[in-house]
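# Chains, contacts and geometry: an overview
Each chain is listed here by its residues.
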2 protein chains.
Amino acid sequence: MSDVLDADEIAAELPDGWHHDAEADEIARTFEFDSYLEGVGFAAGAGGLAEEAFHHPTMTVEWREVEVRLTTHDAGGVTAKDIDLAERLNGLVE
Amino acid sequence: MSDVLDADEIAAELPDGWHHDAEADEIARTFEFDSYLEGVGFAAGAGGLAEEAFHHPTMTVEWREVEVRLTTHDAGGVTAKDIDLAERLNGLVE
C-alpha cells in the first residue's frame, strides 16, 4: 500500500491543473472541452487508464466538462497512486 | 420549452429505478454494473443519447456504478424531457 502524502508533498507533486481538496482528502481537476461528446470520450479513455491502474476516480460528466477526483481509499488519503494517475489523465488532453 | 411537472405528475411518470429528488428538483438513478468498464461504457452510450436529445444529465462514474441526475435547467425543474431521456437510458440496461 502506498503511503499517504502530507499537504506539502502533495503541493510539490501535484500535476498541472489539479488542486488539493484537503477537506475531502482528494486531488481534483475539472477538464473542459469544446463539445459535450469530447468530454464523454475523455471520460471513456480515462476509465481505461483507471481500470489498467486498478485505481478508480470519481468522474462527474457534465456539459463540456468532466470533474475527476482521486484519493486512495485503502490508505485513507492522497498517495503516489493518485499523483501518477492524475499525470496520466493529463496526458489525454495534452 | 416543456412545462415543469409537479410532484404527483413526476411520481406517476417516473421510469423504473428512478427516484425524484425534490430538494434538488431532479430525477436520479444509480445504475449498477458487474464491472467498472461496463459502467464506463454505459456512460459513453448514455452520452450519445443525451447529445442526440441535446439534454445533458450529470453523470457520476464510480467503481461499478453510475449515478445519473436529470433536470431541465431552462424550465427550472423536472419536465417531460427528463422523463423521456430517463426511459431511454433505462433501455441501455434492459
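See the structure printed just above.
In this text, all values refer to a predicted model and were calculated from it rather than measured experimentally. Along each chain, the written sequence defines residue order, and numbers are assigned to residues from 1. Chain letters start at A and ligand numbers start at 1, both assigned in the order the entries are written. Local features in this predicted model are restricted to residues whose pLDDT is 70 or higher, and side-chain atom pairs enter the listing and the counts only when it is 80 or higher, whereas totals over whole chains, interfaces and linings include all residues. Note that the side-chain values use all heavy atoms of the structure and ignore hydrogens as well as water.

Another point: the relation of the copies chain A and chain B. Both copies of the chain are placed relative to one another by a rotation about an axis and a shift along it. Superposition record for chain A on chain B: RMSD 0.0 Å, screw rotation 180 degrees, translation along axis 0.0 Å. Seen this way, the second copy is the image of the first under a two-fold rotation axis. It is Thr60 of chain A whose C-alpha, among those of chain A, lies nearest the rotation axis, at 2.1 Å. We call two residues in contact when some of their heavy atoms are within 4.5 Å. In this assembly the copies share their binding face: 100% of the residues contributing to the interface of chain A also contribute to that of chain B. Copies are brought into register by a least-squares superposition over C-alpha atoms of residues with pLDDT of at least 70 in both.

A cavity here means a set of points on a 1 Å grid, drawn over the protein atoms and nothing else, where a 1.4 Å probe fits but cannot get out; a pocket is an open set with protein on both sides within 12 Å along at least five of seven lines, and a residue lines either one if it has an atom within 4 Å of a point. Grid points are joined across faces, edges and corners, and a volume is the space filled by probe spheres set on the points. Taken as a whole, this structure holds one cavity of 30 Å³ or more when the rule is applied. Here the largest cavity defines a volume of roughly 40 Å³. Around the largest cavity sit Val40, Ala43, Ala44, Met59 and Val61 of chain A together with Val40, Ala43, Ala44 and Val61 of chain B, which together line it.

Moving on: the layout of surface pockets. All names here are of chain A. In this structure, the largest pocket spans a volume of roughly 260 Å³. In terms of lining, the largest pocket is formed by 15 residues, of which the most central are His55, His56, Pro57, Thr71 and His73. Broken down by class, the residue content of the lining of the largest pocket amounts to four nonpolar, six polar and five charged. Each residue is assigned to one of three groups, with Ala, Val, Leu, Ile, Met, Phe, Trp, Tyr, Cys and Pro labelled nonpolar, Asp, Glu, Lys and Arg labelled charged, and all others, Gly among them, labelled polar.

This brings us to the packing of helix 2 (residues 36-53) of chain B against helix 3 (residues 80-91) of chain B. Residue and element names in this part refer to chain B. As a rule, the C-alpha atoms of each element are fitted with a line to give its axis, helices using only the stretch in contact, and angles between N-to-C directions run from 0 to 180 degrees. Each helix corresponds to a stretch of at least 4 residues labelled H or I by DSSP, and each strand to a stretch of at least 2 residues labelled E; elements are numbered beginning at the N terminus. Where helix 2 contacts helix 3, the two axes come as close as 10 Å, and the packing angle between them is 145 degrees. In the packing of helix 2 onto helix 3, the handedness of the crossing is right-handed. Contact residues: Phe42, Ala46, Leu49, Ala50, Glu52 and Ala53 in helix 2; Leu85, Arg88 and Leu89 in helix 3. Counted by class, the contact of helix 2 with helix 3 contains seven nonpolar, no polar and two charged residues. Each helix crossing is assigned a hand: it is left-handed if the near helix lies turned anticlockwise from the far helix by less than a right angle, otherwise right-handed if that turn is clockwise.

Here strand 3 (residues 58-62) of chain A lies mainly inside the structure; four of its five residues are buried. In terms of strand pairing, strand 3 of chain A meets strand 4 (residues 65-70) of chain A through five bridges, oriented antiparallel. Bridge assignment links Glu62 of chain A to a residue of strand 4 of chain A, and that residue is Glu65 of chain A. Hairpin geometry of strand 3 of chain A and strand 4 of chain A is characterised by an intervening segment of two residues between the two adjacent antiparallel strands and by a positive phi of about 65 degrees at Arg64 of chain A. Between any two strands, pairing holds if DSSP finds at least two bridges. Across three bridges, strand 3 of chain A lies against strand 3 (residues 58-62) of chain B in antiparallel orientation. By the bridge assignment for strand 3 of chain B, Met59 of chain A is matched with Val61 of chain B. Exposure categories follow from relative accessible area, calculated using a 1.4 Å probe and restricted to protein chains: below 20% of the type maximum is buried, above 50% is exposed, and the middle band is partly exposed.

Listed as interface residues are 18 residues of chain A and, on the opposing side, 18 residues of chain B. Using a 1.4 Å probe, buried area is obtained as the accessible area two parts lose upon being combined, added over both of them. For chain A, the biggest contributors to the area lost against chain B are Tyr36, Met59 and Val61 of chain A; these three give 32% of the whole. By salt bridge we mean one thing: a side-chain nitrogen of Lys or Arg within 4 Å of a carboxyl oxygen of Asp or Glu. The interface formed by chain A and chain B includes zero salt bridges. N or O atoms within 3.5 Å of each other form a polar contact, as long as, within protein, one can give a hydrogen and the other can take it, and as long as residues adjacent in sequence are counted only when both atoms are side-chain atoms. For the pair chain A and chain B, the number of links is four residue pairs in polar contact (both at pLDDT 80 or more). For the side of chain A that touches chain B, the secondary structure elements donating two or more residues are helix 2 (36-53) and strand 3 of chain A. Residue contributions to the side of chain A that touches chain B peak at nine residues, all from helix 2 of chain A.

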